[in-house]
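Structural overview
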Amino acid sequence: QLQASGGGLVQAGGSLRLSCAASGRTFSTYSMGWFRRAPGKEREFVAAITWIGGSTYYGDSVKGRFTISRDNAKNTVYLQMNSLKPEDTAVYYCAAANERTVVTAPLLYNYWGQGTEVTVSS
C-alpha cells in the first residue's frame, strides 16, 4: 500500500528525491512520514507531513537540507534531499499514521513501505 522509490548512490553534496506512492486505501486524513535506519543504528525520524494543511516537521539532523511535500492528486509524498552527507546513508522508509497532526513516533504509524536504500559516498 506504500511504495517507496528513488534511492540510489550519490556523492556527498548531491541530491536525491524519494517518492512514496500510496495505494489501496485513502490516506487523505493521515499523517505521512519518512524514517531511516542506518547500519547498526536505531530507526530515526526524518520528516512528516499532514495531508490536510500540509504541516511539516523535520528531524534535527536533516532540517534545512530535506524537504517533505505531497501531491494529493497523485497520492504521493516526496522527500527532497539536498546537500547529502555520508551520514545520511541509510534505508529510508515511508509510513502513514492515522493522525491529523504530524507524528514523529514510529509506534503511531499504521502502515509502512518496504524501504529504499540511499548511499552517500564521501
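Residues numbered from 1 in each chain as written. Predicted model: local features only at pLDDT ≥ 70, side-chain atom pairs only at ≥ 80, totals over all residues. Heavy atoms only, no water.

Section: the sheet that holds strand E8 (residues 76-81)
Pairing in this open sheet of four strands is antiparallel, and the strands run E1-E3-E8-E7 from one edge to the other. The open sheet has two edge strands with one neighbour each: strand E1 (2-5) and strand E7 (66-71). Between one strand axis and the next, the sheet turns through 15° on average, direction left out of account. Looking at chain direction, E7 and E8 are connected through six bridges and run antiparallel. Among the inter-strand pairings, Ile68 is bridged to a residue of E8, identified as Leu79. (Pairing = 2+ DSSP bridges. Helix = DSSP H or I, 4+ residues; strand = E, 2+ residues; numbered from the N terminus. Axes fitted to C-alpha atoms, helices over the stretch in contact; angles between N-to-C directions.)

Details of unusual backbone geometry
Even without being a glycine, Asn75 presents a positive backbone phi close to 55°. Along the polypeptide, Asn75 turns up in the loop between E7 and E8.

Details of the pattern of salt bridges
Counted according to the given criterion, the structure contains four salt bridges. Across the pair Glu44 and Arg36 runs a salt bridge whose closest N-O atoms are separated by 2.8 Å. Its salt-bridge partner being Asp88, residue Arg65 comes within 2.7 Å of it at the nearest N-O pair. Pair noted here: Arg65 is in the loop between strand E6 (56-58) and E7 and Asp88 is in the loop between E8 and strand E9 (90-97), with a separation of 23 residues, a long-range link. The burial state of Arg65 is the same as that of Asp88; both residues are buried. Connected through shared salt-bridge partners, Arg36, Glu44, Arg65 and Asp88 make up one network. (Salt bridge = Lys/Arg side-chain N within 4 Å of Asp/Glu carboxyl O. Buried < 20%, exposed > 50% of the residue type's maximum accessible area, 1.4 Å probe, protein only.)

By themselves, these observations are geometric and do not establish any function.
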